[in-house]
Amino acid sequence: MPQDSSNYVVELKDVTKKYQLGKTEVHALRGVSLAIAKGEFTTLVGESGSGKTTTLDIIGGLGKPSTGKLFIDGEDITVYNDKRLAYFRRKNIGFIFQTFNLIEVYTAYENIAHSLQLLKMPEKEIKKQVYDIMEKIGLGKFINHRPNELSGGQRQRVAIARALVKNPKIIIADEPTANLDSETGANILKLMQQLNKDLGATFIVATHSAQVVQVAKRVFKLRDGALIDSYTNK
Amino acid sequence: MLETQKEFMITVSCIILLILTTIFLFNRSILVLAARNIIKNKRRTFILLCVIVSGLAGLMLFFGFADDSLHGLREATISSGLGHIQVYQKGYRAAAMPDKINFNIPNYREIVGIFESDAELKKYVKGMAADLDMSGLIAGHGKSTVFVGKGVDTQNFKVMNAGDEITEGKPLEHTDVFVKPEQKELTNEFEEMFEGFPVPGQDGAEKKDAPKDDKPKQEIWKDSTIEKRAANAEAAMDDALLGDGLKNALNAKLGDALTLVVSTKSGALNALDINVRGVILGVETSYNDTIVKIPMQYAWKLMGREDVSKICILLHKTEFLDLAYRRVQELVKEKNLNLETSTWVEEARMYQKVSSLLHDIFGSISFIIVLVVTFSIANAMMMSVMERTREIGTLRALGNTKNEILRLFMTEGFVIGLMGGVLSMVVGIAISIFMNDVVGGIPMAPPPGTSKAFIAHFRVVNNPLIWCITFNLAVFAAFISSILPAKKASNMEIVESIRYV
Ligand SMILES: Nc1ncnc2c1ncn2[C@@H]1O[C@H](COP(=O)(O)OP(=O)(O)O)[C@@H](O)[C@H]1O
Ligand SMILES: [Mg+2]
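Quick caveat: nothing in here was measured; it's all calculated off a predicted structure.

A.B. asks: Please clarify how the overall build of chain A should be interpreted in this entry.
C.D. replies: What chain A contains, in helices and strands, is seven helices and ten strands. Relative to the globule expectation of 17 Å for 234 residues, the C-alpha radius of gyration of chain A, 18 Å, shows essentially globular dimensions. Dimensions of chain A along its principal axes, counting C-alpha atoms only, are 50 × 40 × 35 Å. Classification of the 234 residues of chain A by burial places 54% in the buried group. The contacts in chain A between residues at least 6 apart in sequence include a share of 69% that link residues at least 24 apart.

A.B. asks: What's the story with the domain arrangement of chain B in this structure? I'm lost.
C.D. replies: Interfaces are often described in size by the accessible area the parts lose on coming together. Residues and elements named next belong to chain B. Looking at the assigned domains, one finds that chain B contains domain 1 (3-77 + 352-499) and domain 2 (91-182 + 223-337). Distance between the C-alpha centres of domain 1 and domain 2: 49 Å. Contact residues are listed per partner, giving ten residues for domain 1 and eleven residues for domain 2. For the pair domain 1 and domain 2, the summed buried surface comes to about 970 Å²; carbon and sulfur atoms form 49% of the total. At the surface where domain 1 touches domain 2, the tally comes to one salt bridge. Here Arg 74 ties to Glu 319 by a salt bridge, and the two come within 3.7 Å at their closest N and O atoms. At the level of secondary structure, the elements contributing two or more residues to the side of domain 1 that touches domain 2 comprise helix H1 (3-25) and helix H3 (42-82). For the side of domain 1 that touches domain 2, the element with the highest residue contribution is H3, accounting for four residues.

A.B. asks: It is not clear to me how the sheet that holds strand E5 (residues 75-76) of chain A should be interpreted in this structure. Could you clarify?
C.D. replies: In any sheet, the strands associate via hydrogen bonds between backbone groups, in a parallel or an antiparallel arrangement. All names here are of chain A. With antiparallel pairing, four strands are arranged side by side in an open sheet as E2-E1-E4-E5. Two strands close off the open sheet at either side, each with one partner strand: strand E2 (24-37) and E5. Where strand E1 (residues 8-21) and strand E4 (residues 67-72) come together, five bridges link them in antiparallel fashion. Each residue of the ladder has a partner; that of Glu 11, found in E4, is Phe 71. Across the sheet, helix H1 (residues 52-59) is in contact with E1, E2 and E4; its angle to E1 comes to roughly 120 degrees.

A.B. asks: Whenever I open this one, the site of ligand 1 confuses me. Can you help?
C.D. replies: All names here are of chain A. Around ligand 1, a shell composed of Tyr 19, Leu 21, Val 26, Ala 28, Glu 47, Ser 48, Gly 49, Ser 50, Gly 51, Lys 52, Thr 53 and Thr 54 is seen. Between an oxygen atom of ligand 1 and a side-chain N or O atom of Thr 53, the distance comes to 2.6 Å. At 2.5 Å, a side-chain N or O of Thr 54 approaches an oxygen atom of ligand 1. Coverage of ligand 1 by the protein amounts to 69% of the 560 Å² it exposes when considered alone. Among the secondary structure elements, those contributing two or more residues to the shell around ligand 1 are E1, E2 and H1. When residues in the shell around ligand 1 are grouped by element, the largest group, three residues, is from H1.

A.B. asks: Help me understand the environment of Pro 98 of chain B in this model?
C.D. replies: Checked against the element boundaries, Pro 98 of chain B lands in the loop between strand E1 (85-89) and helix H4 (108-116). Residues Pro 98 of chain B and Phe 479 of chain B, 381 residues apart in the sequence, show an inter-C-alpha distance of 57 Å.

A.B. asks: For this particular structure, what's the right way to read unusual backbone geometry?
C.D. replies: What you tend to see is this: most non-glycine residues have negative phi, and most peptide bonds are trans. All names here are of chain A. In this structure, Asn 101 takes a positive phi of about 50 degrees despite not being glycine. Within the element layout of this structure, Asn 101 appears in the loop between strand E6 (93-96) and helix H3 (108-117). We note that Glu 175 has phi near 45 degrees; this positive angle belongs to a residue other than glycine. Structurally, Glu 175 can be placed in the loop between strand E7 (170-174) and helix H6 (182-199).

A.B. asks: Explain the side chain of Asn 161 of chain B to me, please; I cannot follow it from the model alone.
C.D. replies: All names here are of chain B. Within the element layout of this structure, Asn 161 appears in the loop between helix H6 (157-160) and strand E4 (165-169). For Asn 161, the side chain forms a polar contact with the side chain of Lys 293, separated by 2.6 Å. With residues near it in sequence (within four places) discarded, Asn 161 still touches Ser 79, Ser 80, Gly 81 and Lys 293.

A.B. asks: Explanation requested: the interface of chain A and chain B in the structure shown.
C.D. replies: Taken together, the contacts link 28 residues of chain A with 23 residues of chain B. Between chain A and chain B, a total of about 2200 Å² is buried, with carbon and sulfur atoms accounting for 56% of that surface. Ranking the residues of chain A by area buried against chain B places Leu 62, Ile 103 and Val 105 of chain A at the top, with a combined share of 23%. The tally of links from chain A across to chain B stands at six salt bridges. Where chain A touches chain B, the interface holds 13 residue pairs in polar contact (both at pLDDT 80 or more). Among the secondary structure elements, those contributing two or more residues to the side of chain A that touches chain B are H1, helix H2 (82-92) and H3 of chain A. Of all the elements, H2 of chain A adds the most residues to the side of chain A that touches chain B, at six residues. Split into classes, the residues belonging to the side of chain A that touches chain B amount to nine nonpolar, seven polar and twelve charged.

A.B. asks: Is there a simple way to think about the pattern of salt bridges in this case?
C.D. replies: Where charged atoms of side chains with opposite charge meet at close range, the side chains can pair. This model, assessed by the stated rule, comprises 35 salt bridges over all chains. The partner of Glu 11 of chain A in a salt bridge is Lys 13 of chain A, and the shortest N-O contact between them spans 3.8 Å. Connected via shared salt-bridge partners are Asp 118, Glu 120, Arg 327, Glu 330 and Glu 334 of chain B.

A.B. asks: I keep staring at the nonpolar core and nothing clicks. Help me out?
C.D. replies: Inside soluble globular proteins, nonpolar side chains tend to come together where they are buried. Phe 115, Ile 138, Leu 242, Ile 274, Val 292, Ile 294 and Ile 313 of chain B are the most contacted members of the largest nonpolar core, which has 68 residues in total. When residues in this core are grouped by element, the largest group, seven residues, is from strand E2 (residues 125-140) of chain B. Two domains each donate at least three residues to this core, and these are domain 1 (3-77 + 352-499) and domain 2 (91-182 + 223-337) of chain B. Judged by nonpolar contacts, the second largest core, of 57 residues, contains Val 105 of chain A together with Ile 30, Ile 52 and Val 385 of chain B.

A.B. asks: Any chance you could explain the environment of Gln 214 of chain A here in plain terms?
C.D. replies: Residue and element names in this part refer to chain A. Position of Gln 214 among the secondary structure elements: in helix H7 (residues 210-215). For Gln 214, a relative accessible area of 63% gives the class exposed. Once the C-alpha coordinates of Gln 214 and Ala 173 are considered, the two residues, 41 residues apart in sequence, prove to be 16 Å apart.

A.B. asks: Sorry if this is basic, but what is going on with the packing of aromatic side chains here?
C.D. replies: The geometry of an aromatic ring pair is captured by two quantities: the separation of the ring centres and the angle between the planes. One pass over the full model with this rule turns up eleven aromatic pairs over all chains. Ring centres 6.1 Å apart and planes at 10 degrees place the aromatic pair Phe 62 of chain B and Phe 362 of chain B in the stacked group. Highlighted residues: Phe 62 of chain B in helix H3 and Phe 362 of chain B in helix H16 (residues 349-387), separated in sequence by 300 residues. With a centroid separation of 4.6 Å and 70 degrees between ring planes, the pair formed by Trp 344 of chain B and Tyr 351 of chain B is classed as edge-to-face. Under the relative-accessibility criterion, Trp 344 of chain B is labelled buried at 4%. Taken together through their ring pairs, the aromatic side chains of Phe 62, Phe 63 and Phe 362 of chain B make up a single cluster. In this structure, Arg 84 of chain A is placed above the aromatic ring of Tyr 80 of chain A, and the distance from its NZ or CZ to the ring centre is 4.1 Å. Stacked on the ring of Tyr 92 of chain B, the Lys or Arg Lys 100 of chain B has its end atom at 5.0 Å from the ring centre.

Rules behind the numbers
- Residues numbered from 1 in each chain as written.
- Chains lettered and ligands numbered in written order.
- Predicted model: local features only at pLDDT ≥ 70, side-chain atom pairs only at ≥ 80, totals over all residues.
- Heavy atoms only, no water.
- Helix = DSSP H or I, 4+ residues; strand = E, 2+ residues; numbered from the N terminus.
- Rg over C-alpha atoms; globule rule 2.2 N^0.38 Å.
- Buried < 20%, exposed > 50% of the residue type's maximum accessible area, 1.4 Å probe, protein only.
- Contact = heavy atoms within 4.5 Å.
- Domains from an automatic or database assignment.
- Buried area = accessible area lost by both parts, 1.4 Å probe.
- Salt bridge = Lys/Arg side-chain N within 4 Å of Asp/Glu carboxyl O.
- Pairing = 2+ DSSP bridges.
- Axes fitted to C-alpha atoms, helices over the stretch in contact; angles between N-to-C directions.
- Near = heavy atom within 4 Å.
- Polar contact = N/O pair within 3.5 Å; in protein donor to acceptor, adjacent residues only side chain to side chain.
- Areas by Shrake-Rupley, 256 points an atom, 1.4 Å probe, with all protein chains shown as cover.
- Nonpolar A, V, L, I, M, F, W, Y, C, P; charged D, E, K, R; others polar.
- Core = buried A, V, L, I, M, F, W, Y, C linked by side-chain atoms within 4.5 Å.
- Phe/Tyr/Trp six-rings, centres within 6.5 Å; stacked < 30°, edge-to-face > 60°.
- Lys NZ or Arg CZ within 6 Å of the ring centre and 35° of its normal.

Here's what the structure looks like:
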């Protein structure tokens, strides 16, 4: 099964995705092939509706492609069943959403700890890890706050911590700064860059923001569900 | 319901509850999330608890009311001479009415002796008595009607017949004295009272005039004096107790001489006079309209035989029935007695009817209540699932499985059910205590087929079966109704639900 995938953590091979909207078929992706190397800070750019979110969903194991293959670390995950995909996600994928998506009834601590509890880590170890990362993202004081007691930027920081604390192979962020003002967005971007450097996690970020594109190592450009350009920043 | 059935019900439901508890409360992180959501959605939780409590506390009270009525009827039936356990000659119960008499027990003293000398049975038994069933005509004051009579054991009479309310006169006493009814009419006491007055009944003319002259005196003479005298009279062999309805039908009074007519063993008619010593009021109207109880010896004289229809065994408590009955059956087998046995339930037709009626009503009401509660909970849970679509999608994205999402919502239902169950019990018990002890019960008219008005109480406090049923129905309803919403939650499309606004 493993192909020439030694240093690619993600490999899409001719992936298509069709949605059935009543009688009409929507081709969200029309045969996308791309490969992302380990530890790379990657962005997907393109106009609204170009297929960025769909691509990220497929990479993150949230939805399956209509046709084509997806290899994560050389393993084809399109054949996984629902349960196996869930286990795959909890171990390998960290999600950062545009709308933060914290669990409202959990404190900041619990939101982050949840990722580790899913991995059956001992409580003591969880505590240490969560405190560590809360310090790292500069939210040590807010450990027992609920999401509704935090600002947008703080919430996104917690969400980033939640995605990173389990040390996943891939961090998937769908327009993570779109709901934040530009200054906060810039700070969040800085934090992600820093964590990418420190922890060596692979970031895949869909974005409209020129700022984000600038700092990215690698950029993929989509239009109408097809990859039209890709390049590496110096 | 029998004790063993109760215990069985309670045990089974506890086991089910234990299993559910381990399934649903075992996963700590799911439990925490469920608990947090229950606390956070205060409105939903409050409404759900209100629905459960109003439904199930009401059910609990209804059950307590029905159980109280049944309990009263049960004890009254048992203590109307029937006892808890009946022993017959083999074939008696299957025989047709007129043939039953051929299956009477001749050697009943011997059998009673066997039962009385058994050490184990002794622990449960309060009293034992034989009776002789008979029926025929009862006549007096120019009227006659049918009666259903019993020759009863006068020695144990009060113990065995405590459920018959004596509305006038006195119960039967143990005695060998035989006083002719006619003799009673002229006693010293009577003559002393009317000393100096012309005594009515001694002279035909005066008898006619006296009442006209002095009506109040006649009232005293008729209604008070003789009855008082009769009520204080020494017990006699020909004493009889009449059902309240029968007394009214015959216009009979205490101290009256009435005649019983029956057909005897040989088929001939036989008649004997009885003296009304007391009037009894049992639960059933049909019983009160027909019953005549006379001492056994007198019944033998009337029937021209010396045997009994059955032996009735009264226990200290109805709860002993299972154990005592088992022992009686063992004894019958061990001693190779030609006997068959029954329990009071089989003989208490009124009780059976009322019981099955109440059970049907209870069954349908609880079904409706559980249905309403279930739908209300399902509806609220479904709304909650929709509201939390994004949370569900997020949990799935983070790696929670479908099964875990399913369990999350089932746990919420289960926990709400537990809370509702406990609260229903507390509220139900509190209301029952209030109604029983503060309000003093609810006065009720006599139920159909019965003669006694009564005060309804709610047998809830000392009734673990009711607690058990209430609690289980609450948990059951909450649990069942969360299945569908939980299924919906677990089957949500992740990509759509994480972006749901
Ligand atoms: N669930 C869906 N049902 C139907 N069409 C969809 C669905 N999700 C996305 N699409 C369509 O697929 C195309 C790509 O969408 P998307 O991946 O969200 O683009 P982007 O994230 O770049 O804005 C769009 O035309 C969009 O309308
Ligand atoms: Mg998008």
